[in-house]
There are 2 protein chains.
Amino acid sequence: MWVSGFVILFKDGIIMKENLIKAAMGEIDADLILKGAEVYDVFTGETRRADVAVKDGIICGVGEYSGANEVDVSGKYILPGFIDAHMHIESSMVTPAEYAKAALAHGVTTVIADPHEIANVCGRAGLKFMKENAALAPLDIKFMLPSCVPCAPFDHSGAEFDAADTKELAPDFFGIAEMMNYPGVISCDSEVLGKLVDGKIIDGHAPMLTGRELDAYVCAGIKTEHECTTPEELREKLGKGMYVMLREGTLSKNLDALLAGVTSRNSRFCLFCTDDRFIGEVLKDGSIDLCVQKAVEGGTDIRDAINMATVNAAVCYGLKAGAVAPSYRADLVVCDDIVPKNIRMVYKDGKLVARDGKAVFDIKPAQICAEVMNTVHLDPVTAEFFAHEPSAEFTAIELIPDTIVTKKVRAKRGDKLSKVCVIERHKRTGNKGFAYVTNYGITNGAVASSIGHDSHNVIVIGDNDRDMAAAVNALGADGGIAVCSRGAVKARLTLEIAGLMSAKTAEDVTAAHEELYKTAADVGVNKGIEPFLSLAFLPLPVIPEIRVTDSGLFDVEKFEFI
Amino acid sequence: MWVSGFVILFKDGIIMKENLIKAAMGEIDADLILKGAEVYDVFTGETRRADVAVKDGIICGVGEYSGANEVDVSGKYILPGFIDAHMHIESSMVTPAEYAKAALAHGVTTVIADPHEIANVCGRAGLKFMKENAALAPLDIKFMLPSCVPCAPFDHSGAEFDAADTKELAPDFFGIAEMMNYPGVISCDSEVLGKLVDGKIIDGHAPMLTGRELDAYVCAGIKTEHECTTPEELREKLGKGMYVMLREGTLSKNLDALLAGVTSRNSRFCLFCTDDRFIGEVLKDGSIDLCVQKAVEGGTDIRDAINMATVNAAVCYGLKAGAVAPSYRADLVVCDDIVPKNIRMVYKDGKLVARDGKAVFDIKPAQICAEVMNTVHLDPVTAEFFAHEPSAEFTAIELIPDTIVTKKVRAKRGDKLSKVCVIERHKRTGNKGFAYVTNYGITNGAVASSIGHDSHNVIVIGDNDRDMAAAVNALGADGGIAVCSRGAVKARLTLEIAGLMSAKTAEDVTAAHEELYKTAADVGVNKGIEPFLSLAFLPLPVIPEIRVTDSGLFDVEKFEFI
């Protein structure tokens, strides 16, 4: 566990209420008193001048308090720490502990994390690594148990969790992570329904599902949805009783579009999430703090916006967080204004963890177990490996800017398309699948990546077979991302943990990542297209309309290979 | 259990999701389809024309559905069944099953019930009786475990539950019922804190508690409050994170006063409850349906009002009820208008239970166990038993119209006051306590009752000792309420179950009760004062400002006997 200061005193599972009560009554000193700020109250929407008193990591009082350890925050605003309602730490490309630094600096004190990327590569060892690493930092990371390993029965991941595994593992997890196999749910696949463990919160993932099929999906006990892309979809899903998340990821930025469907009345069932967001973007632009800012810029009442970032998620997930009130976790964000643009201090469990946008705690060097290293099991390839030609007329994949949704289009041989190959990398099966993509625009080059949702086979895209081979070979056993042009490696980000994350700092990873972007532009990747995430989501067979796996082109609507 | 039609199919604790999913998809027939109503959606506040399909007691779909068993409800509104967030069935004076008929006829499909009246008389046998009787009718009665038996350590009830009892019993109950001993909580009395069982929802009761003391009370993990009487108190308690109930009982009618503090924004944390409400009033005026009507009359948005009656309580208590949406219990209220004034049909778990204000199900004759009968253990008394004179100057109790709160006042011998005596009736200890009350106004008569919260010792009030003796003697071993004048019994309601409830029908009890009111007026009880409830709450030493128990006058503020 992390430094003892963050450990809350428990006894037989009961928080030591006596200390809290005595500190509230002034019979013993509080550990910390934040004096004289404007305190935002999520329950009434009012802001009041008050002191916030903390004991044993819990807020014991909000009112007039004094004591030995006072911090003057007069003139500042105190908000509850933010909750990221659904995200994958692996997509940040840094470790949980390293992610914690960036998230806490932006006022995010709790994340609901689905470690399904690493689970698809390393199985149980991956989950163990995530939990152990998360314990090195004070961010409250609630791990959901991945429900889709692999994400579809026909996909070739590095591990499999069936219903029996899921039931066995579930007690050690906060809930069941996004059930992406909605066709399996609504067709009553017993293996799929068996994973929806009774008594656990179950997250959803059902893009564009509507009407009776949506009713059926909700009947399975699925509580949340983060895949809405239109206000109509948001409204329908809210009306079915789902908590709906407004997502602001790196590629999937749905927040602006969805705001048109959010009202003061329905917003209590709306949450914010980042889903998949690069660490560089968290560092630079923020996380849930940014969602609040953007919502306000989009015309949302600041009180609704803060509540979506705090208490709404706490109610949805049953957390004693997300409010500045007695008996709540002392997760506090001190800002210059009620809109959390300039976050001055962040407290987690009553301890200062960030100041002026920088984490103020150190994490011990992580122990990275062998099971999550050297996970790209591929022999070197040559240009001949990619010998493949389309038919005279064929089905291709059109990339759409700012979304991971793709479009199924018809193309003719001779059209200017990029070639994509997905190569199985876990078990040396030799499986590979080809596809052709419009709108990527690479010239004289190739991009290879060991991030290929959710099975994370190697995916490579290029306009010539030689560079495609060079890019794949550059990944080595570590994995990561490589950009090659004219046979040479132009940029390289090593992601030695499961081929998904780096053990380096957020800053180092961001610098290497930026270098990748520069070279992607150099080899002509279209400006509107995210060069790496658009690639990484191409193999995910649960996102409309068309995908490519190591078994070939997949029609998501028909849920079958083409 | 009740008739099999109401039993939902469970298997290993998991609701049979398959049936729901298949019915939603139209692969199998739904059991019931309500066609073409305007369906109110608690999540968005919208009302939509839709069909509601039900399978195995659960809503499987809301949209376009058809099937073998259709009921045309076009032109009607469908609301979710109402939730009474806190109440004592004993205070209705009928059995749980009999209460269920009246509640369901008014659209109340779930009640959070605290059986602490009978627990204070009969202990565990009382709880067993309540649960067994409740199972005879389809109302969903969630029993909380009484936390205050007796309500204060010095009070003389018929049973005691200590912290060890509470921990032992808690797993069989929905939560911990109202913790009234707030002085015990904030002074960290270990017996009191020991009753606040971790992991259980804990209801509160802390009238007028404010500031640091309120912080301390909330720190103990107490979630709800139903004792607010002013908008300011409501706002402060909401701001501390409590769910606050607007109570509309027989004596305590706080709804109108509290509405001034309710806004569309804070109302999501507001609920309705009846607490203590005579069955006659439920029959005549309603229950939570009346709260919705009154809230709307008071200017509350109908959507806020319905949500306070439904989804807000469901969120607070973690119930899959209170919404017309897939996977929710098919508890449905069909009305002429969105304001539930004319309730045409009520469905509980998908079965019709009431039509046009009348229950349409029968309950089997109740088995009433010997342990809850003949509970008034008193020998006959004479006028001399009440020989007691006040000092020249003394402290008296002032009754206040429309509230159970009393005022501590000074009086002089010779003032026109009523004499009150509380007589221990459980263990023949011979304990009795006297007090003098202003504002009751009885002349040439006495009223005796075996309802005397919460220990339910016998309480009698009168202006002469002879009638006081006659009234007490009239109660016999059964208990109940008796009005005497000039030595004769003028009216009598027998409450043979624990001295609190009748085994008769709601209509019979109401008729006898109305007769009591007439005679109370005949003997001059002041019009503004509820003759029986004002009496029944006089011994409750946890309601401000002053009370009388079998040990004498009690100052609630100082929490000590005078």
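For the structure, see preceding data.
Residues numbered from 1 in each chain as written. Chains lettered and ligands numbered in written order. Predicted model: local features only at pLDDT ≥ 70, side-chain atom pairs only at ≥ 80, totals over all residues. Heavy atoms only, no water.

Caption draft 1: Looking closely at the pattern of salt bridges. Residues and elements named next belong to chain A. For the structure shown, the criterion picks out 72 salt bridges over all chains. Measuring nitrogen to oxygen at the nearest pair gives 3.0 Å for the salt bridge that ties glutamate 227 to arginine 247. Highlighted residues: glutamate 227 in the loop between β13 (224-225) and α9 (231-239) and arginine 247 in strand β14 (residues 243-247), separated in sequence by 20 residues. The exposure classification of glutamate 227 matches that of arginine 247, with both residues buried. If you follow the salt bridges from partner to partner, you end up with Asp140, Lys142, Arg329, Asp331, Lys348 and Asp349 in one network. (Salt bridge = Lys/Arg side-chain N within 4 Å of Asp/Glu carboxyl O. Helix = DSSP H or I, 4+ residues; strand = E, 2+ residues; numbered from the N terminus. Buried < 20%, exposed > 50% of the residue type's maximum accessible area, 1.4 Å probe, protein only.)

Caption draft 2: Inspection of the sheet that holds strand β29 (residues 552-555) of chain A at higher detail. Residues and elements named next belong to chain A. Strands sit in the order β28-β29-β30 across an open sheet of three strands; the sheet is antiparallel. Where the open sheet ends on each side, the last strands, each with one partner, are β28 (546-549) and β30 (560-561). As paired elements, β29 and β30 share two bridges and run antiparallel to each other. Bridge pairing in β30 places aspartate 555 opposite glutamate 560. (Pairing = 2+ DSSP bridges.)

Caption draft 3: Quick peek at the pairing of strand β26 (residues 480-485) of chain B. Residues and elements named next belong to chain B. With respect to burial, β26 is a largely interior element, six of its six residues being buried. Alternating positions in β26 separate into two faces, Gly480, Ala482 and Cys484 on one and Ile481, Val483 and Ser485 on the other, with burial throughout. Alignment of strand β24 (residues 446-449) against β26, held across four bridges, turns out to be antiparallel. Its bridge partner lying in β26, valine 447 is registered against valine 483. One ladder, built from six bridges, connects β26 with strand β27 (residues 488-494); its direction is antiparallel. Looking at the pairing, isoleucine 481 lines up with leucine 493 of β27. Between β26 and the antiparallel strand that follows it, β27, lie two residues; arginine 486 among them carries a positive phi value of about 50 degrees.

Caption draft 4: Summary view of the relation of the copies chain A and chain B. Between chain A and chain B, which share one sequence, the superposing operator has a rotation angle of 180 degrees and an axial displacement of 0.0 Å; the RMSD is 0.0 Å. Both chain copies can therefore be described as sitting about a two-fold axis. Interface overlap between copies is the fraction of interface residues in one copy that are interface residues in the other; for chain A against chain B it reaches 100%, indicating a shared surface. (Least-squares fit on C-alpha atoms with pLDDT ≥ 70 in both. Contact = heavy atoms within 4.5 Å.)

Caption draft 5: Quick look at the interface of chain A and chain B. In this assembly, 59 residues from chain A lie in contact with 59 residues from chain B. Of the roughly 4900 Å² buried between chain A and chain B, counting both surfaces, carbon and sulfur atoms make up 56%. Together, Arg212, Arg265 and Arg268 of chain A form the three largest contributors to the area buried by chain A at its contact with chain B, with a combined 17%. If you look at where chain A meets chain B, you find six salt bridges. Aspartate 304 of chain B serves as the salt-bridge partner of arginine 265 of chain A, at 3.0 Å between the closest nitrogen and oxygen. Of all the secondary-structure elements, those providing two or more residues to the side of chain A that touches chain B are α1 (17-25), β5 (58-63), α6 (182-186), α8 (211-219), α9, α13 (302-309) and α14 (311-317) of chain A. Of the residues forming the side of chain A that touches chain B, the biggest block, seven residues, is contributed by α1 of chain A. Looking at the side of chain A that touches chain B, its residues break down into 27 nonpolar, 13 polar and 19 charged. (Buried area = accessible area lost by both parts, 1.4 Å probe. Nonpolar A, V, L, I, M, F, W, Y, C, P; charged D, E, K, R; others polar.)

Caption draft 6: Up close: the side chain of serine 534 of chain B. Inspection of the secondary structure puts serine 534 of chain B in helix α17 (residues 533-536). In terms of polar contacts, serine 534 of chain B uses its side chain to reach the backbone carbonyl oxygen of glutamate 530 of chain B, at 2.5 Å. (Polar contact = N/O pair within 3.5 Å; in protein donor to acceptor, adjacent residues only side chain to side chain.)

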